[in-house]
Amino acid sequence: MDIKDITVVVDQRGERPALPVAIDLTKRFGGHLTGLSLVYDPVVPGYAVAPVPVDFMVSARNEAVRGAKAADAAFLAAVQANGVTAETRSVEIISAGGLDEVVHELRLADLVIVAEDDRDQPEPVREPLIEAILFHAGAPLLIIPRAAPPASLNLGRVIIAWDGTITAARAVRSALPFLAAADAVDIVIVDDGKDLPTGQRVTGYLARHGIAATTHTIPNPHKDVAAALRQQATETGAGLIVMGAYGHSRLLEWILGGATRGMLHKQSIPILMAH
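Scope of this entry: the structure provided in the associated data block. (Residues numbered from 1 in each chain as written. Predicted model: local features only at pLDDT ≥ 70, side-chain atom pairs only at ≥ 80, totals over all residues. Heavy atoms only, no water.)

## Description of helix α5 (residues 166–174)
- Those residues of α5 that fall on the buried side of the exposure criterion are Thr167, Ala168, Ala171, Val172 and Ser174. One side of α5 carries all its buried residues, which in axial view fall inside an arc of 165 degrees. (Buried < 20%, exposed > 50% of the residue type's maximum accessible area, 1.4 Å probe, protein only. Helix = DSSP H or I, 4+ residues; strand = E, 2+ residues; numbered from the N terminus. Arc of directions from axis to C-beta.)

This is how it looks when you write it as structure tokens:
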């Protein structure tokens, strides 16, 4: 699949680490970039026992609009300096109204890019936003870490976290343009004490796409798949991890699987996920 339509969620404040990566990938793939800014409707705490003053709601709303406009301005300045074709879109997120409007906006994106939440300057609903994109938008999601964020994606070595599941297979298909551009591709199978999948089908599939890959089975002494993958990526100098996003539904709440949540909570390198 070609990557021609990329959307980046532009942070309202801070360093905006996803933006330079999005611009770089748009230039690499010869695509079009959309900067998505979010207007967050003021949230009224559920424990509030008195009516919230109207002035507070108006002030919070105006601040949210200013934040979205600041994100738009930062995005436009960056893309104009780099000469990529781009546009801006803004979506309003209504309190307790879900993230349907955001998901609808991303349905035709070939790739969505978002930064890990900033613990010091958190963006509203960042984790629910990531989960909504993963499970409802139908687009692969590239998540950029806050710790030592790259200015561009390092494709010297790419790791595929392979467990034989349908989500892992979808992630591999979504990542084909990245894998084709990589200098080295490692298929990593983490030993979880169960019957292990074979990497032979994956290497054959990639070979037919002109991509050479090697398979590695690694131990998991602490029974922590995410930690084992992070260690492998660090030791081999990988610049990207490709993996399926696992989760299940309980009523209307999406619960991330253990390995997925573990990778997102202690992220050290960019991760490309698909569900």
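## Some details on the pairing of strand β9 (residues 240–244)
- Of all 5 residues making up β9, 5 are buried, and the element is well covered by its neighbours.
- Residue alternation in β9 divides its side chains into two sets, Leu240, Val242 and Gly244 and Ile241 and Met243, and both sets are buried.
- In the sheet, β9 pairs with strand β12 (residues 271–274) via 4 bridges, with the strands oriented parallel. In the strand pairing of β12, Val242 is matched with Leu272. (Pairing = 2+ DSSP bridges.)

## So, the nonpolar core
- Ranked by size, the top nonpolar core spans 46 residues in total, and within it Leu25, Ile113, Leu142, Phe178 and Leu206 carry the most contacts.
- Tallying contributions element by element places helix α1 (residues 18–29) first for this core, with 7 residues.
- Residues within four places of Phe178 in sequence aside, it is in contact with Ile3, Leu25, Phe29, Leu111, Leu153, Leu155, Leu240 and Leu272.
- If you look at the next biggest cluster of nonpolar residues, it comprises 41 residues, including Leu36, Leu99, Val103 and Ala137. (Core = buried A, V, L, I, M, F, W, Y, C linked by side-chain atoms within 4.5 Å. Contact = heavy atoms within 4.5 Å.)

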